[in-house]
Amino acid sequence: MEFPRSQRPAITIIIPAKDEAGSIGDLLREINAGPLTEPFEIVVVDDGSTDGTGEAVRAAGLPNVRLLSHPFSGGKSRAIRAGAQAAFGDILVTMDGDGQNDPRYLADLVAPLADPAVGLVAGQRTRRHDGWRKKFVSKVANRMRRAMLADDTRDTACGLKAMRRAPYLKLPFFDNNHRFYPALFMREGWQIAHVEVADRPRTTGQSKYGVLDRALVGLPDLLGVWWLRRRAHRRPEASEVILERVNE
């Protein structure tokens, strides 16, 4: 899909989706019936699904929806980056494809970006519909992350986020970097805003993120981001100096 420059959407909603055929069509229709009033597009990144997720996106037949496809799964962070690289909007909104993220919060997420100092708006879940093991691991991980990174964010794993595309594309990329967006944006001098949201129960499919694998990769990633934060204390802004030209 190609938009004339005058008609390009202001917002791109990126949905990384792996084996979400049962929920993705309803979610796309719900987003289009939701509260956003600015022009927007939806980019679904089919992350190596084997259940017909891509076919379900096509069957929805919505004109503002684009579909990207990975031949095999690269993970959520890589899917988000693929969507961001293809996006036309200057504002990116991320949400999960399982239907647990409620589209009624989309306008609330985007609103704080009216402040030019804010680079990222992070959803903060007040209610979750996950098992006790996942909640426990998330609680411990969030406390460790906040203690080490001082990112002032209670819940970085919430899928609902809004951010500026240009600075996002300059962030250091690594698998699972979506869990550290607040710290990475703060590293570049941006302010972070927060919006409280409530998750909904999953109605189809199952979670793609286990408890043990999340814990195993989390600590090395946390140490890496801690190191990155320590290596970016000074951020001078470069300005061009106008040189006098000598006529020859």
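Shown above is the structure to which this text applies.
Overview of the structure. (Residues numbered from 1 in each chain as written. Predicted model: local features only at pLDDT ≥ 70, side-chain atom pairs only at ≥ 80, totals over all residues. Heavy atoms only, no water.)

Overview of unusual backbone geometry
Here Asp 152, not a glycine, exhibits a phi torsion of approximately 55°, which is positive. Position of Asp 152 relative to the elements: it lies in the loop between α5 (132-149) and β6 (161-164). The exposed category is assigned to Asp 152, whose relative accessible area is 54%. (Helix = DSSP H or I, 4+ residues; strand = E, 2+ residues; numbered from the N terminus. Buried < 20%, exposed > 50% of the residue type's maximum accessible area, 1.4 Å probe, protein only.)

Describing the pattern of salt bridges
On inspection of all chains with the given rule, the structure shows 13 salt bridges. The shortest N-O distance in the salt bridge between Arg 104 and Asp 102 comes to 2.8 Å. By relative accessible area, which is 8% here, Asp 102 ends up buried. (Salt bridge = Lys/Arg side-chain N within 4 Å of Asp/Glu carboxyl O.)

Focus on the sheet that holds strand β5 (residues 118-127)
If you walk across this open sheet you meet the 7 strands as β3-β2-β1-β4-β6-β5-β7, and the pairing is mixed. In this open sheet, the two strands that pair with only one neighbour each are β3 (65-70) and β7 (191-198). Averaged over neighbouring strand pairs, the angle between their axes works out to 20° when direction is ignored. Bridge count between strand β2 (residues 40-47) and β3: 6 bridges; the pairing is parallel. The residue bridging Asp 47 from the neighbouring strand is His 70, located in β3. (Pairing = 2+ DSSP bridges. Axes fitted to C-alpha atoms, helices over the stretch in contact; angles between N-to-C directions.)

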